[in-house]
Amino acid sequence: MRRIFIKDLLQEELVITGGDAHHLGRVMRAKAGDRILVADDEGKVGEYELTGFTESSVSMKLVQQVEERTESPVEIVLAQCLPKGDKLDLIVQKATELGVNVIVPLASDNCVVRYDGKKAKAKQEKWQKIADEAGKQCGRSRLPEVQQVQPFRQWLREAADGKRDDTAVCMCYENELQQGMKDFLQGQRAAKRFVVIIGPEGGFSLAEAALAKELGIASVSLGTRILRAETAAISAAAVIQYENGDLGGR
Ligand code: SAH
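Residues numbered from 1 in each chain as written. Predicted model: local features only at pLDDT ≥ 70, side-chain atom pairs only at ≥ 80, totals over all residues. Heavy atoms only, no water.

J.: Can you walk me through the pattern of salt bridges in this structure?
T.: Side-chain pairing between opposite charges can occur once the charged atoms of the two side chains come close. Using the criterion set out here, one finds 16 salt bridges in the structure. Between Arg153 and Asp109 there is a salt bridge, with its nearest N and O atoms 3.0 Å apart. Of the two residues, Arg153 is situated in helix 4 (residues 152–161) and Asp109 in the loop between strand 7 (102–107) and helix 3 (117–138); the sequence distance between them amounts to 44 residues. Residue Arg153 is classed as partly exposed on the basis of its relative accessible area of 32%. Given the relative accessible area of 34%, Asp109 is considered partly exposed. Salt-bridge contacts for Glu243 lead to Arg189; the nearest nitrogen and oxygen are separated by 3.0 Å. Taken together, the residues span a long stretch of sequence, with Glu243 in helix 7 (residues 229–243) and Arg189 in the loop between helix 5 (181–186) and strand 11 (193–198) at a distance of 54 residues. (Salt bridge = Lys/Arg side-chain N within 4 Å of Asp/Glu carboxyl O. Helix = DSSP H or I, 4+ residues; strand = E, 2+ residues; numbered from the N terminus. Buried < 20%, exposed > 50% of the residue type's maximum accessible area, 1.4 Å probe, protein only.)

Right, dumping it as structure tokens:
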């Protein structure tokens, strides 16, 4: 069933305007009596029957609330240093399918691309759109948030300073020889939220790795092979979900 997301909470009767109304009425040519799923700001989902259309709005009434368990028991923040070209498009799409909640694009020492204010905003909007579409397609009840591009060091300091008790933070580091992701995750059974940091194609600079260490951020290995940035991001999200009971079952 078609799915839309609203910024509001579910109500008996809803009137939708804007892009979703246009899409339903004009593009999909939906009719009164058709049913859709509506996911609200808290991730609650309702089945609605369409009742009326105007030039710019669609009204609908609640048929029933739907119990959905498409969200993971843990929250994941993927902090991804900007890769080249369109690679972040792929990462955003796959991370959304894998249940990631927040994606933070970071500008780090070895990033080749640089986005200035205007370009960065346009990129963020594009990535958010990719996340929204992937979230609808894969049946999520909450859409991920793609944040603005932020400078790596500043973001890392803030992440370490503001670390919540329920949160485990790790940096996937290609030169890490001691601690594997598996051991790290098994030591974090109580965590309800994971922040995972992935480098760009060029990896992390020594200064960045040293700063992460100084801030007490765990450095973890994803195994003996060097993965491309996009493979590392997608694999890290998958193994965090798997270790926390989300992926691989019903
Ligand atoms: N140019 C670097 C590789 C960077 S790979 C080199 O040749 O050493 C891009 C990013 O993916 C890394 O910064 C890291 O975050 C992640 N990554 C790739 N392989 C990894 C591994 N085996 N363990 C941990 N992280 C890895």
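Okay, back to it.
J.: Teacher, can you tell me more about the UniProt feature "domain: Ribosomal RNA small subunit methyltransferase E PUA-like" (unreviewed entry) in the protein here?
T.: Under the UniProt annotation, "domain: Ribosomal RNA small subunit methyltransferase E PUA-like" (unreviewed entry) lies at residues 16–52. In residues 16–52, helix accounts for 27% and strand for 41%; the two terminal C-alpha atoms are 11 Å from one another. (UniProt positions renumbered as here; feature names shortened; annotations may be inferred.)

J.: Please clarify how the nonpolar core should be interpreted in this entry.
T.: It is characteristic of soluble globular proteins that their nonpolar side chains tend to be buried jointly. Judged by nonpolar contacts, the single largest core of 57 residues is most densely connected at Leu78, Trp155, Met171, Met181, Val196 and Ile197. Counting residues per element, this core draws most heavily on helix 7, at six residues. Sequence-distant contacts of Val196, that is, excluding residues within four places in its chain, are made with Ile76, Val77, Leu78, Ala79, Cys170, Cys172, Met181, Ala236 and Ile240. If you look at the next biggest cluster of nonpolar residues, it comprises 14 residues, including Ile6, Ala30, Tyr48 and Met60. (Core = buried A, V, L, I, M, F, W, Y, C linked by side-chain atoms within 4.5 Å. Contact = heavy atoms within 4.5 Å.)

J.: Mind showing me how you'd approach the packing of helix 4 against helix 6 (residues 206–214) here?
T.: Angle between the axes and distance between the axes are the two parameters that describe a pair of packed helices. Between helix 4 and helix 6, whose axes approach to 10 Å, the crossing angle comes to 10 degrees. What the angle tells us is that helix 4 and helix 6 run roughly parallel. Residues Phe152, Arg153, Leu156 and Arg157 of helix 4 form the contact with helix 6, whose own contacting residues are Ala207, Glu208, Leu211 and Ala212. Of the residues assigned to the contact of helix 4 with helix 6, the class counts are five nonpolar, no polar and three charged. (Axes fitted to C-alpha atoms, helices over the stretch in contact; angles between N-to-C directions. Parallel < 35°, antiparallel > 145°, perpendicular 65-115°, else oblique. Nonpolar A, V, L, I, M, F, W, Y, C, P; charged D, E, K, R; others polar.)

J.: Please clarify how unusual backbone geometry should be interpreted in this entry.
T.: Outside of glycine, negative phi angles account for most residues, and trans bonds account for most peptide bonds. In this structure, Arg29 is a non-glycine residue whose phi angle is positive, near 50 degrees. Along the chain, Arg29 falls in the loop between helix 1 (18–27) and strand 3 (35–39). In this structure Arg29 comes out as exposed when scored by relative accessible area, which is 64%.

J.: How do you make sense of the site of the ligand when you look at a structure like this?
T.: Lining the immediate surroundings of the ligand are 19 residues, of which Cys172, Glu174, Glu201, Leu222 and Arg225 lie closest. Interatomic distance of 2.8 Å between a backbone N/O atom of Leu222 and a nitrogen atom of the ligand. Arg225 has a polar backbone atom sitting 2.8 Å from a nitrogen atom of the ligand. Relative to its unbound accessible surface of 550 Å², the ligand loses 85% to contact with the protein. Looking at the shell around the ligand residue by residue, the class counts come to 11 nonpolar, five polar and three charged. (Near = heavy atom within 4 Å. Polar contact = N/O pair within 3.5 Å; in protein donor to acceptor, adjacent residues only side chain to side chain. Areas by Shrake-Rupley, 256 points an atom, 1.4 Å probe, with all protein chains shown as cover.)

J.: What should I look at first to understand the packing of aromatic side chains in this one?
T.: We describe a pair of aromatic rings using the distance from one ring centre to the other and the angle between the two ring planes. Applying the stated criterion to the full structure yields three aromatic pairs. A network of ring pairs unites the aromatic residues Phe152, Tyr173 and Phe204 as a single cluster. (Phe/Tyr/Trp six-rings, centres within 6.5 Å; stacked < 30°, edge-to-face > 60°.)

J.: What should I look at first to understand the pairing of strand 5 (residues 57–66) in this one?
T.: If a strand is regular, its side chains alternate between the two faces of the sheet. Pairing analysis gives five bridges linking strand 2 (residues 13–17) to strand 5, with the strands arranged antiparallel. Across the sheet, the residue bridging to Glu13 is Lys61, located in strand 5. Between the end of strand 4 (residues 45–53) and the start of strand 5, which pair antiparallel, lie three residues. (Pairing = 2+ DSSP bridges.)

J.: What am I meant to see in the state of the cysteines here?
T.: Note on terminology: a disulfide is the covalent bond linking the sulfur atoms of two cysteines. Scanning the model with the defined rule gives zero disulfides in all. In this structure Cys111 is not part of a disulfide, and its nearest cysteine sulfur, from Cys81, lies 5.2 Å away. Residue Cys111 is classed as buried on the basis of its relative accessible area of 6%. You can see Cys172 has no disulfide; the closest cysteine sulfur is in Cys170, sitting 5.0 Å from it. (Disulfide = S-S within 2.5 Å.)

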